[in-house]
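# Overview (structure and organization)
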Amino acid sequence: MRPTVVSAEVLFEEFRSRLKWEWVAGLGASERRFDEVAVRAARSGADLVGYLNYIHPYRVQVLGEREVAYLTNATKDDCERRISRIVTLEPPALVLADGQTPPPALLAMCEQAEIPLFATAASSAYVNDLLRSYLSKHFAERTSIHGVLMDILGLGVLITGESGLGKSELGLELISRGNGLVADDAVDLFRINESTIEGRCPDLLQNLLEVRGIGLLDIKAIFGETAVRRKIRLKLIVHLVRRETMERDYERIPYEPLTQDVLGIPVRKAVIQVVAGRNLAVLVEAAVRNTILQLRGIDTYQEFVERHRKAMGEPG
C-alpha cells in the first residue's frame, strides 16, 4: 500500500525551518498535490523530484542557477516559450534554489496557472537530496508484520513465528546480550527503493517490549539509549517453528538459501526449531553471523558440497 497525498502546503511546512524557503507565487494552490498515477509508477523519490526537465512531468521541478539562466538568457519570445512550457509538466510545485531571483515571467506564470513556487537560498543539490529522501519514505510501499524487529550484530533481523513460542522473550534475551530493539509485536516495513526494506516501530509502541507474565517493559529506560533503534534495514527473517512443523515443512539442510517475499523483495530467511533446552539467542546470533558471511560471498554449504565432490573424485 502506498499513501498518495502530499499537498504543496504539507511539503512547504515540512521543510519551512530546514530550507528557510518562502512561498513566492501560487499561494492559492495550497492543495495542489502529486499526480496519483505518477506516484504509483515512481520507483523511488528520485522520480518525483529533479532539476527542470521537460520530459519528466508530474514531479517537483527544481530551478537552480543553470535552470534560471536557461529560462532567461535567450530572446524574449524564447524565454516566454520556455517558461510557458513548464505548465504542461503539471508539477505539484516549483522550487527556486541557489538564492536565485525569480524571473517576473515565471512569477506571472505560476500565479496564472496556480502552481506553487517556493524560493530558498539553499543549493539546488541539497534541495534535490532532501526532497528525494522525504518523498521516497513518504510514498514507499508499506506493510505491517507481527514479530520482533532487532538490530543484531549490526544486521536488521525480523523474528517471526507461531504464537506462544516466546518471540518477545527471545528479543529480551538478545537485548541483554547487547543487541538493539527496533519494534515489538507490530513492525512497519517500507520499501524505500527497488532492493531495500526498512523497518520501523509504530509511534504508539516506541521502545516497548511486551513479555508475558511481566507486562510492558520500557527497554530504553531499563537498558539505556543504546538498546533501542529508530529504524533499520531488513536483511534477515528468523522464523521460529515447533518440532512438528519443522519436520513437516522444512528440510534439515536446505540446498538453496531460504527467502521470504516482502513487498516484492526476497529477504533471506532462517528457520529455527523451538525445543526445550535450546539456547535460541545463541542460535539466532549464529544465523546472523552466517548471513553476514553470505552477504560477503562466503557460502559454507556450497563450500562443503565442493569439498564433498573433490573427495568423491579422489582415488580410493
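The notes below deal with the structure included here. All values reported here derive from a predicted model rather than from experimental measurement.

Conventions used here
- Residues numbered from 1 in each chain as written.
- Predicted model: local features only at pLDDT ≥ 70, side-chain atom pairs only at ≥ 80, totals over all residues.
- Heavy atoms only, no water.
- Pairing = 2+ DSSP bridges.
- Helix = DSSP H or I, 4+ residues; strand = E, 2+ residues; numbered from the N terminus.
- Axes fitted to C-alpha atoms, helices over the stretch in contact; angles between N-to-C directions.
- Contact = heavy atoms within 4.5 Å.
- Phe/Tyr/Trp six-rings, centres within 6.5 Å; stacked < 30°, edge-to-face > 60°.
- Buried < 20%, exposed > 50% of the residue type's maximum accessible area, 1.4 Å probe, protein only.
- Polar contact = N/O pair within 3.5 Å; in protein donor to acceptor, adjacent residues only side chain to side chain.
- Core = buried A, V, L, I, M, F, W, Y, C linked by side-chain atoms within 4.5 Å.
- Expected span 1.5 Å × (residues − 1).
- Parallel < 35°, antiparallel > 145°, perpendicular 65-115°, else oblique.
- Nonpolar A, V, L, I, M, F, W, Y, C, P; charged D, E, K, R; others polar.

### Some words on the sheet that holds strand S1 (residues 22-25)
The mixed open sheet is built from 5 strands, whose spatial order is S1-S5-S4-S3-S2. Edge positions in the open sheet fall to S1 and strand S2 (49-51), since each of these has one partner strand only. With direction set aside, neighbouring strand axes in the sheet form an average angle of 30°. Relative to strand S4 (residues 94-96), strand S3 (residues 60-63) runs parallel, the two being bridged by 3 bridges. Bridge pairing in S4 places leucine 63 opposite leucine 96. Lying on the sheet, helix H4 (residues 65-72) is in contact with S2, S3 and S4; it crosses S3 at an angle near 85°.

### Remarks on the packing of aromatic side chains
Inspection of the entire model under this criterion finds 9 aromatic pairs. With 5.3 Å between their ring centres and 55° between their planes, phenylalanine 12 and tryptophan 23 make a pair best called tilted. Placement of the pair is phenylalanine 12 in helix H1 (residues 8-14) and tryptophan 23 in strand S1, with a sequence separation of 11 residues. Residue class for tryptophan 23 comes out buried when judged on its relative accessible area of 15%. Taken together, the ring pairs connect Phe12, Phe15, Trp21, Trp23, Phe118 and Tyr134 into an aromatic cluster.

### Some remarks on the side chain of serine 7
Summarising the element assignment, serine 7 is placed in the segment before H1. With a relative accessible area of 6%, serine 7 lands in the buried category. Once residues lying within four places of it in the same chain are set aside, the contact partners of serine 7 are Ser30, Glu31, Arg32 and Arg33.

### Focus: unusual backbone geometry
Non-glycine residue glutamate 114 carries a positive phi angle of around 55°. Here glutamate 114 lies in the loop between helix H6 (104-113) and strand S5 (117-119). Overall, the relative accessible area of 48% leaves glutamate 114 in the partly exposed class.

### Remarks on the environment of aspartate 185
Mapped onto the fold, aspartate 185 is located in strand S8 (residues 180-193). Judged by relative accessible area, aspartate 185 falls into the partly exposed class, the value being 35%. Among the polar contacts made by the side chain of aspartate 185, one reaches the side chain of histidine 146 at a distance of 2.9 Å.

### Let's talk about the environment of valine 127
Along the chain, the position of valine 127 falls in helix H7 (residues 124-138). Along the chain, valine 127 and leucine 96 lie 31 residues apart, while their C-alpha atoms are 9.6 Å from each other.

### Details of the nonpolar core
Residues Val157, Ile159, Leu170, Leu174, Ile219 and Val284 are the most contacted members of the largest nonpolar core, which totals 27 residues. Top element by residues in this core is helix H11 (residues 280-295). It accounts for 5 residues. Counting residues in hydrophobic clusters, the runner-up holds 25 residues, among them Ala8, Phe34, Ala122 and Leu135.

### Some points on H7
With 15 residues, H7 should reach 21 Å at 1.5 Å per residue; the first-to-last C-alpha distance of 21 Å fits that figure. Those residues of H7 lying buried are Ser124, Val127, Asn128, Leu130, Leu131, Tyr134, Leu135 and Ser136. Here the buried face of H7 lies against H1, helix H2 (16-19), S2, S3, S4 and S8.

### Some details on the packing of helix H8 (residues 167-176) against H11
Each packed pair of helices is defined by two parameters, the angle between the axes and the distance between the axes. Packing of H8 against H11 brings their axes to within 9 Å, and their N-to-C directions diverge by 75°. On the basis of the axis angle, H8 is roughly perpendicular to H11. Along the contact surface, H8 presents Leu170, Glu173 and Leu174, while H11 presents Leu280, Ala281, Val284 and Glu285. Across the contact of H8 with H11, the residue classes tally to 5 nonpolar, no polar and 2 charged.

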